[in-house]
Amino acid sequence: MVMVLYPENGVSPVQKALMTSVQGSNVHVVGVDSDFDYCQSVIKQIFNNKNVKDTLRSHDIRLSAANSINWGRLLPQVVYHASAYLDLVKKGILSLGEECDLCVPTGNFGNILGAVYAKSMGIPIRRFICASNENNVLTDFIRTGVYDLRDRNLQVTMSPAIDILKSSNLERFLHLVTDGNGDEVRHYYDQLNSDKYFKVSSQVLEKIQNEYEFMADWCSQKECAETIKNVFQSKGYLLDPHTAVAKTIADRYPTTDRPLLICSTAHYAKFPSDVLASLGHKVNRDLLFGGLEHIETLPTMHQELDRALHRQCVHKRIVKPNMNEIVGELMGFVSKASGERIQGHSS
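Here's a quick rundown of the structure. Keep in mind that what you see is a predicted model, and the values were worked out from it rather than measured.

## Let's talk about the pattern of salt bridges
Here is step 1: Taken as a whole and assessed by the stated rule, the structure comprises 17 salt bridges.
Here is step 2: Put simply, Lys-207 and Asp-179 hold a salt bridge, and the shortest N to O gap is 3.1 Å. Here the residue Lys-207 occupies a position in helix H9 (residues 202-211), and Asp-179 occupies one in the loop between helix H7 (170-177) and helix H8 (182-195), the gap between them amounting to 28 residues.
Here is step 3: Residue classification places Lys-207 among the buried positions, given a relative accessible area of 13%.
Here is step 4: Asp-179 sits in the exposed class, given a relative accessible area of 64%.
Here is step 5: Beyond isolated ion pairs, a larger network of salt bridges with shared partners links Asp-101, Arg-127, Asp-257 and Arg-258.

So, in structure tokens, the structure goes:
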């Protein structure tokens, strides 16, 4: 059984259509009238709720997660960072063992953390460049060691997958940087939960910047849009708004002695309105992709995506950002999917 929570106003219309058209009695897709940070936070609360877990276990049901709350989500990311490096070797851009830099559009810190693990396993990545949009809490943290959510509100941008302020996998990275010092990391996150702020020690910051060679920067939506347009006009290649964030930042940190890999994270067709607007085109609201499908570009149009989006919307449930209401959705779905009435939950 699979239950999906998504931020109602934090995904593109195409992304929403993909999720809400999934068929199957074992799938339940629910929009939450909030943002990604809330959705991720409430899932963690449910996972830590003994009453919910005990109730589900009594029916032989265990909870798991598909995003990077689950460490298993990072495994394929480790693999494709290794694969990207080996592609450079195969193409003769560098010799096996020579270093490259890597720039990753980053919100939840999972993708770039996968690259850190790849390096620890032998992939010779030199610098890690963390690229953010206007939700640039990670930029500030990597530059200063201060993670500060005070007076900071989530900005909805054209790159929704990195519209995140509470980067879940940063906690894992800090555990790595502190050599597994769980007490230190716990202290940081207890302070974040209570004060919306923490500051790492000077030793930890020095290690992040110099030993792990992390750099960070961010760009505005205007800069992102300009990158999409400029790359298309000069190369005939159409970037999605997340990859464009990485490209914008990567161009600020060129190297002459080693290649710089840009991690591309989505297909542009998931964000037709923003991509078309970046190119200076009008969006045709009568067409599913707004007319984007008629532009000749690389990569080519995503045909499977086109077919998937012609399916009927079957999931229309939207809930308030309320723990009890979301747990009720979970229990109701599990009851229906399993054919057993499940009760007794509380938060």
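## A closer look at the packing of aromatic side chains
Here is step 1: Inspection of every chain in the model, using the stated rule, returns eleven aromatic pairs.
Here is step 2: Ring plane angle 40° and centroid distance 4.9 Å describe the contact between Phe-173 and Phe-214, whose orientation is recorded as tilted. Of this pair, Phe-173 sits in helix H7 while Phe-214 is found in strand S7 (residues 214-218), placing the two residues 41 residues apart along the sequence. Phe-214 carries the same exposure label as Phe-173, and that label is buried.
Here is step 3: With centroids separated by 5.3 Å and ring planes inclined at 45°, the aromatic side chains of Tyr-189 and Phe-198 adopt a geometry described as tilted.
Here is step 4: With a relative accessible area of 12%, Tyr-189 lands in the buried category.
Here is step 5: One aromatic cluster in this structure is built from Phe-109, Phe-128, Phe-173, Tyr-212 and Phe-214.

Calculation criteria
Residue numbers here run from 1 along each chain, matching the order of that chain's written sequence. Whole-chain, interface and lining totals are the exception, using all residues; otherwise, since this is a predicted model, local features are given only for residues with pLDDT of at least 70 and side-chain atom pairs are given and counted only at 80 or more. Side-chain measures were taken over the full set of non-hydrogen atoms in the model, leaving aside hydrogen atoms and water. A side-chain nitrogen of Lys or Arg and a carboxyl oxygen of Asp or Glu constitute a salt bridge if their distance falls within 4 Å. A run of DSSP states H or I qualifies as a helix once it reaches four residues; a run of E qualifies as a strand once it reaches two. Both are numbered from the N-terminal end. The rule is simple: take the accessible area with a 1.4 Å probe, protein chains only, and divide by the maximum for that residue type; under 20% is buried, over 50% is exposed, in between is partly exposed. What counts as a ring pair is set by centres within 6.5 Å for rings of Phe, Tyr and Trp (its six-membered ring), and what kind of pair is set by the plane angle: stacked under 30 degrees, edge-to-face over 60, tilted for all other angles.

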